[in-house]
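# A closer look at the structure
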Amino acid sequence: MSDPGTAVHVRHWDVENDEFWETYGKKIANRNLWISIPNLLLAFAIWIIWSIIAAQIQEVHDANPNAYAFGGLTGDAYSALLFTLPAVAGLSGATLRIPNSFMIAISGGRNVIAMTSLLLLLPTLGVGITLRDPNVSFTALVIFAVLSGVGGGAFASSMSNISFFFPKRVQGLSLGLNAGLGNVGVSIMQVLLPVVMTFSLFGALISGDAVEGVWITNAGLVWVPVLVIFILAAWFKMNNMPHHAPGTSAAAVGRYLWLQMMGFGGATLGTAALLLGWGDWFAQPIPNLLKIFLVLAVSVLTAMALMRYVTPKEIKENLLEQFQIFKSKHNWAMTWLYVMTFGSFIGFSGAFPLLIINTFNTVRADAAGAPLAEGAWFANPDPINAFAFAWLGPLVGSLIRPVGGWMSDKWGGARVTHWDTMAMIAVTIGVSIFIIFARSSPTPEQYFAPFLILFLLLFTTTGIGNGSTFRMVPIIFEREQAGPVLGWISAIAAYGAFLIPAIFGVTITAGVPEAAMWGFAVYYVTCLAVNWWFYARKNAEMPC
């Protein structure tokens, strides 16, 4: 049997051969998996740091209105503006997933993983520098939110890469571990940052002075030394697959950076369209909801057009071969389903802290339950500490994801997705009901416990669905198409990190945040129908 070698470029790979797998493949695959996981974990953490930074800025500003004033907005308008930071990061990360979907075959897994973690040093250092100044411009924060999208893009390339290392019979578990433990980065970040922002982690010379007792700069700086460790681990210990043939490291890195620039082109244009006239962005809900989806389309089409028409010939030929996935209706069906699961998970992760603050920490009704005028609202004397609970949702969603993959290996991905979607519909409606109760009560905190329980159940269902839908892809598609499909569906699903905070921003300003949950429930019903028709019903076209 041919020895695959242990160098950066593996010479031979045949994991569907049991003897090869047990003799050589398993060890190499597991080493790459266990280096991939912490790199993906860091990518997720840095991509979603804006959920905590925005919430912390809100609390600092509430204590001192002159800090992080951003044009003098107040009340729900200020909260809605802060929702744009995780929304912009989500938009960028999702758009960058589009080139990342096709990047492994062009640049090689080891090169892509290491370079992605290297680029993440830019937003972490940028946040650490700019947030020292309480008069920092909102535009500066938007720029670093766009750069943090590199972490969001990483998921597509990471999952595509790991799919090549493991045989089909265990891909549900291996992909679930990579994604699930990678997703834990969101919870680790949401637990870690509120703690490290309470003291001068690196001393006054680096961390700067506290703003209203908070070292908010540590939200970026804390990741820098950890990133360096795992950049080195990826570069020296991971492998490129032989059938990818990325060439020299310099050439592979050049192609990687070129494709990332294509993604940044789409993200930058979309962000500019999003923020154009942001002062009145939330004035009229329906037009602005349409604007959100228009921005998404602009970002996707721009990135795709740049990849299609503004790439060197050798890259373009490889891309066009992978673009064959767009001729398959199952690619589009699975995209629709994965937006439901991962899109909901990452979107709710970004919106959850601010949603808690907005729903439970402002009293909007008098003792008789009558609504108060906006100018008469006041701070809840028994507020909910959003940082104490926000991390729980992403944690349960992340940890349950490998279970969703395992369940699908055992019972079938389509069946698990069917029942999971039904649960998502019911729980989403339940969450909307308790949002209504809380915002119309003089003591909104009394509804927090059922709200939290239902939201944790919602995160649980998104995690199970993440595992089950991802498991369906290798069954539906051949191996060479499965990698690009996995990358593509994760790219479009990642727009949930943009859509959900942005939609909450619009509905909160309109005074009906529960309407966002109703809209999500309607969408989940359509997903139930798509999954049943193509995959779960008796005599389905592609049972899986």
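Criteria and cut-off values
- Residues numbered from 1 in each chain as written.
- Predicted model: local features only at pLDDT ≥ 70, side-chain atom pairs only at ≥ 80, totals over all residues.
- Heavy atoms only, no water.
- 1 Å grid on protein atoms, 1.4 Å probe; cavity = no way out; pocket = protein on both sides within 12 Å on 5 of 7 lines; lining within 4 Å.
- Points joined across faces, edges and corners; volume = space filled by probe spheres on them.
- Helix = DSSP H or I, 4+ residues; strand = E, 2+ residues; numbered from the N terminus.
- Nonpolar A, V, L, I, M, F, W, Y, C, P; charged D, E, K, R; others polar.
- Buried < 20%, exposed > 50% of the residue type's maximum accessible area, 1.4 Å probe, protein only.
- Contact = heavy atoms within 4.5 Å.
- Phe/Tyr/Trp six-rings, centres within 6.5 Å; stacked < 30°, edge-to-face > 60°.
- Lys NZ or Arg CZ within 6 Å of the ring centre and 35° of its normal.
- Patch = residues over 30% accessible without salt bridge, like charges linked within 9 Å, V, L, I, M, F, W, Y side chains within 5 Å.
- Areas by Shrake-Rupley, 256 points an atom, 1.4 Å probe, with all protein chains shown as cover.
- Salt bridge = Lys/Arg side-chain N within 4 Å of Asp/Glu carboxyl O.
- Expected span 1.5 Å × (residues − 1).
- Arc of directions from axis to C-beta.
- Bend = angle between axes of the 7 residues up to and from the residue.
- Polar contact = N/O pair within 3.5 Å; in protein donor to acceptor, adjacent residues only side chain to side chain.
- Core = buried A, V, L, I, M, F, W, Y, C linked by side-chain atoms within 4.5 Å.

### Examining empty space enclosed by the protein
Tallied over the entire structure, the rule returns 4 cavities of 30 Å³ or more. Looking at the largest cavity, its volume works out to about 70 Å³. Together, Ser36, Asn39, Leu40, Ala43, Val112, Ile113, Thr116, Ser117, Ala154, Ser157 and Ser158 line the largest cavity. Elements with a contribution of two residues or more to the lining of the largest cavity: α1 (18-47), α5 (109-119) and α8 (149-163). Residues that form the lining of the largest cavity fall into these classes: 5 nonpolar, 6 polar and no charged. Within this model, the second largest cavity holds a volume of roughly 50 Å³. For the lining of the second largest cavity, the secondary structure elements donating two or more residues are α2 (49-63), α3 (75-100), α16 (329-360) and α22 (496-509). Top contributing element to the lining of the second largest cavity by residue count: α3, with 3 residues. Class assignment for the residues of the lining of the second largest cavity results in 8 nonpolar, 3 polar and no charged.

### Brief notes about the side chain of Ser344
Considering the arrangement of structural elements, one finds Ser344 in helix α16. With relative accessibility at 3%, the residue Ser344 sits in the buried group. Apart from the residues lying within four places of it in its own chain, the contact partners of Ser344 are Val339, Met424, Thr462, Ile500 and Tyr524.

### Some words on unusual backbone geometry
Most peptide bonds adopt trans geometry, and most residues besides glycine take a negative phi value. A positive phi angle is found at Tyr68, which is not glycine, with a value near 50°. By the element assignment, Tyr68 lies in the loop between α2 and α3. The class for Tyr68 is buried, based on a relative accessible area of 0%. Of note, the phi angle at Asn539 is positive, near 60°, even though the residue is not glycine. Relative to the helices and strands, Asn539 is located in the segment after α23 (514-536).

### What to know about the packing of aromatic side chains
Taken as a whole and judged by the stated rule, the model has 41 aromatic pairs. Judged by centre distance (5.3 Å) and plane angle (85°), the ring pair of Phe348 and Phe455 falls under edge-to-face. Here Phe348 is found in helix α16, whereas its partner Phe455 is found in helix α20 (residues 448-476), with 107 residues between them in sequence. For the pair Phe348 and Phe455, one class covers both residues: buried. Seen from the ring of Trp235, Arg110 lies directly overhead, with NZ or CZ sitting 3.5 Å from the centre.

### Overview of a nonpolar patch on the surface
Together, Ile429, Ile433, Ile436, Phe437 and Trp518 make up a nonpolar patch on the protein surface, roughly 430 Å² of accessible area in all. Take the nonpolar patch: its biggest share by element is 4 residues, from helix α19 (residues 413-439). Within the element layout of this structure, Trp518 appears in helix α23. Among the residues examined, Trp518 registers a relative accessible area of 43% and is labelled partly exposed.

### Topic: helix α12 (residues 224-237)
An ideal rise of 1.5 Å per residue puts 20 Å on 14 residues; α12 measures up with 20 Å between its terminal C-alpha atoms. The set of residues buried in α12 consists of Val224, Leu227, Ile231 and Ala234. Taken end-on, α12 shows its buried residues confined to a sector of 80°, consistent with a single buried face. Turned more than 90 degrees away from the buried face of α12, the exposed residues are Ile229, Phe236 and Lys237.

### As for α16
With 32 residues, α16 extends 43 Å between its outermost C-alpha atoms, agreeing within 8% with the 46 Å of an ideal straight helix rising 1.5 Å per residue. Of all bends in α16, the biggest is about 45°, found at Phe352, and the proline Pro353 comes one to four residues later. Buried residues dominate α16, accounting for 29 of its 32 residues. Between the side-chain oxygen at the start of α16 and the backbone nitrogen of His330 there is a gap of 3.2 Å, and the oxygen is on Ser328.

### Comments concerning the nonpolar core
Of all hydrophobic cores here, the largest spans 174 residues; its most connected members are Tyr68, Phe451, Phe498 and Phe504. Of all the elements, α16 adds the most residues to this core, at 17 residues. Ignoring any residue separated from it by four or fewer positions in sequence, one finds Phe504 in contact with Phe83, Phe348, Ala351, Leu355, Pro513, Ala516, Met517 and Phe520. By size, the runner-up hydrophobic cluster in this structure holds 5 residues, among which are Ile35, Ile113, Ala114 and Ala234.

### Observations concerning the pattern of salt bridges
Considering all chains together, one arrives at 3 salt bridges under this definition. In this structure, Lys26 engages Glu22 in a salt bridge whose closest nitrogen and oxygen atoms are separated by 3.2 Å. Remark: Glu22 and Lys26 occur in helix α1; sequence separation between them is 4 residues, near one turn of the helix. Residue Glu22 is classed as exposed on the basis of its relative accessible area, which comes to 51%. Between Lys329 and Glu541 there is a salt bridge; the shortest N-O distance is 3.0 Å. Of this pair, Lys329 sits in helix α16 while Glu541 sits in the segment after α23; the two residues are 212 residues apart in sequence, bridging distant segments of the chain. Using a relative accessible area of 42% as the deciding quantity, one classes Glu541 as partly exposed.

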